[in-house]
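Chains, contacts and geometry: an overview
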Amino acid sequence: MQWEVVIGFETHVQLLTQSKIFSGSSVRFGAEPNTQASPVDLALPGVLPVLNRGAVEKAIQFGLAVNATIAPRSVFARKNYFYPDLPKGYQISQFELPVVQGGQVSFALERDGKSEIRSVQLTRAHLEEDAGKSLHEDYQGMSGIDLNRAGTPLLEIVTEPVMSSAIEAVAYAKALHSLVTWLGICDGNMQEGSFRCDANVSVRPAGQKEFGTRCEIKNLNSFRFLEEAINIEIRRQIELIEDGGTVVQETRLYDPDRKQTRSMRSKEDSQDYRYFPDPDLLPLVISDEWIRRVQSALPELPAAMRARFIDQFGLSEYDAMVLTQSKATATYFESVVQHAGINQAKPAANWMMGDVASTLNREATDISAIPVPAAQLALLLKRIDDGTISNKIAKEVFAAMWQSPSGEANLADAIIEAKGLKQISDPGALEKIIDEVLAANPKSVEEFRAGKEKAFNALVGQAMKATRGKGNPAQVNALLLARLKS
């Protein structure tokens, strides 16, 4: 049987505020347990929550960035459930009237050797407070409760169930992560819980319109684990159904050591939480003037930057999308073009998506920590353009630049000179080498004159080998062809 996969996402983004969403307690990470929990966070009798304006403004920023509707009036609700680390016995969240409604996140996707641009529709993004944390280690068989996180401001971003593979889901998650850090509303630290992904996964027979039973995989804190967990859960559900079993709606955790998802608890539906409007909080009213003020302070957004890259640099839509997936990547690219000249925009884009990206991936390094400054990569591009080195030799120079970073402004030139990599463009020198290659390969010469085009490529390869890769490829081709025809 052929199966279709359906994936939806819920992402908890911790907002970059100094204090909690309903109290003045600090949200600093790493403090001693229960040292950042005020009477409001502890839910002591008689305390009242006061909404953090900064958290609201960050929600507005996000809504504007994804072209969503900012609700002029939204309501906070009580989400009732009972956990030891939830002191009130309920979580203050939003239900029927969230602050951000709709919107979409777009991203570049490589799949099956093809490049495409995808957009994932958002259902909503709502403000809520975080719960505390249960601690199970080093407590002599007991569990401890740390309420430092209780009340930390979160923006929960919910997608429509429109993704169909782990690859697509991870691409969406990375794009969302890039966007919230680009905006400066979240630090994006997944290890510290600032960006937590929950994936709702279900399968159904191909062509069936009804959704299958979904399982939620909770609190995935790395993109690698996210992809692994989704693929493993897909296989689990398909195998379970094909063996005659039934998928049960539940929340599951991913065990990366055992490479399996395991049951955590039965999955609740909205009615199980008995939502009702919080009587201690007035409706949140957001005026048009407030929205305009927030919008005027926004940085250049990825969509606007993509349009500018296409118009200003003549890039394709796909190239512009890739280069604006992160602010650090876009900034580095623009700096390379600024130093190299606008005529080098397309070569710079090719290098960014080629050698730079592959080396960053191989070295597990972020673009913000790249050891090759933008000005030095720009100089390398200039040396390709002016014929000093070929593209092939440039790769060798780039690798040397990566391994020998320095503050030297002309590092590329220094490496080219030290290694003797300057391209041979002198016609006389190239003609001499070509004559030697032709004399050494009479069989290939005869095959070319007999109409076998592959023989020409073989001779070009021999000529480039004779120049140790330093021959100007265009000149080698032209001179070799002229010699053969004469």
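Preceding block: the structure.
Glancing now at the nonpolar core. Counting 71 residues, the largest nonpolar core has Phe9, Phe62, Leu127, Tyr172, Leu226 and Ile230 as the members making the most contacts within it. At 11 residues, helix H3 (residues 166-183) tops the list of elements feeding residues into this core. Non-local contacts of Phe62, meaning those with residues more than four positions away in its chain, are made with Leu122, Ala125, Leu155, Ile157, Leu176, Leu179, Val180, Leu183 and Ile185.

The subject of this paragraph is the pairing of strand E8 (residues 114-129). Pairing geometry for strand E6 (residues 100-101) and E8, over 2 bridges, is antiparallel. Its bridge partner lying in E8, Gln101 is registered against Arg124. As judged from the 8 bridges shared by strand E7 (residues 104-111) and E8, these two strands associate in the antiparallel manner. Directly across from Leu109, in E8, lies its bridge partner Glu116. In sequence, E7 turns back onto E8 through a hairpin of 2 residues, with Asp112 there showing a positive phi of about 55°.

Attention now moves to the side chain of Arg149. Examined against the element boundaries, Arg149 turns out to sit in the loop between strand E10 (144-146) and strand E11 (153-159). A relative accessible area of 18% means that Arg149 is categorised as buried. Setting aside residues no more than four positions away along its own chain, Arg149 makes contact with Gln14, Lys20, Asp130, Ala131, Gly132, Glu192, Gly193 and Arg196.

Another aspect to go through is the pattern of salt bridges. With the rule as written, the count across this model stands at 24 salt bridges. When the shortest N-O distance is used, the salt bridge between Lys218 and Asp198 registers 3.1 Å. One end of the pair, Lys218, is in strand E13 (residues 215-220); the other, Asp198, is in strand E12 (residues 195-205), and 20 residues separate them in sequence. Assessed through its relative accessible area of 17%, Lys218 is described here as buried. The exposure class of Asp198 is buried, given its relative accessible area of 0%. Salt bridges here are not isolated pairs; linked through shared partners, they connect Glu233, Arg236, Glu250 and Arg252.

Of the positions making up helix H12 (residues 411-419), those classed as buried are Leu411, Ala412, Ile415 and Ile416. The buried residues of H12 occupy an angular sector of 135° when projected down its axis, which confines them to one face. For H12, the exposed residues set more than 90 degrees away from the buried face come down to Glu417 and Ala418. As for H12, its buried residues are in contact with helix H10 (374-385) and helix H11 (391-403). Looking one or two residues beyond H12, the residue adopting positive phi is Gly420, at roughly 60°.

Cut-off values and rules
Residues numbered from 1 in each chain as written. Predicted model: local features only at pLDDT ≥ 70, side-chain atom pairs only at ≥ 80, totals over all residues. Heavy atoms only, no water. Core = buried A, V, L, I, M, F, W, Y, C linked by side-chain atoms within 4.5 Å. Buried < 20%, exposed > 50% of the residue type's maximum accessible area, 1.4 Å probe, protein only. Helix = DSSP H or I, 4+ residues; strand = E, 2+ residues; numbered from the N terminus. Contact = heavy atoms within 4.5 Å. Pairing = 2+ DSSP bridges. Salt bridge = Lys/Arg side-chain N within 4 Å of Asp/Glu carboxyl O. Arc of directions from axis to C-beta.

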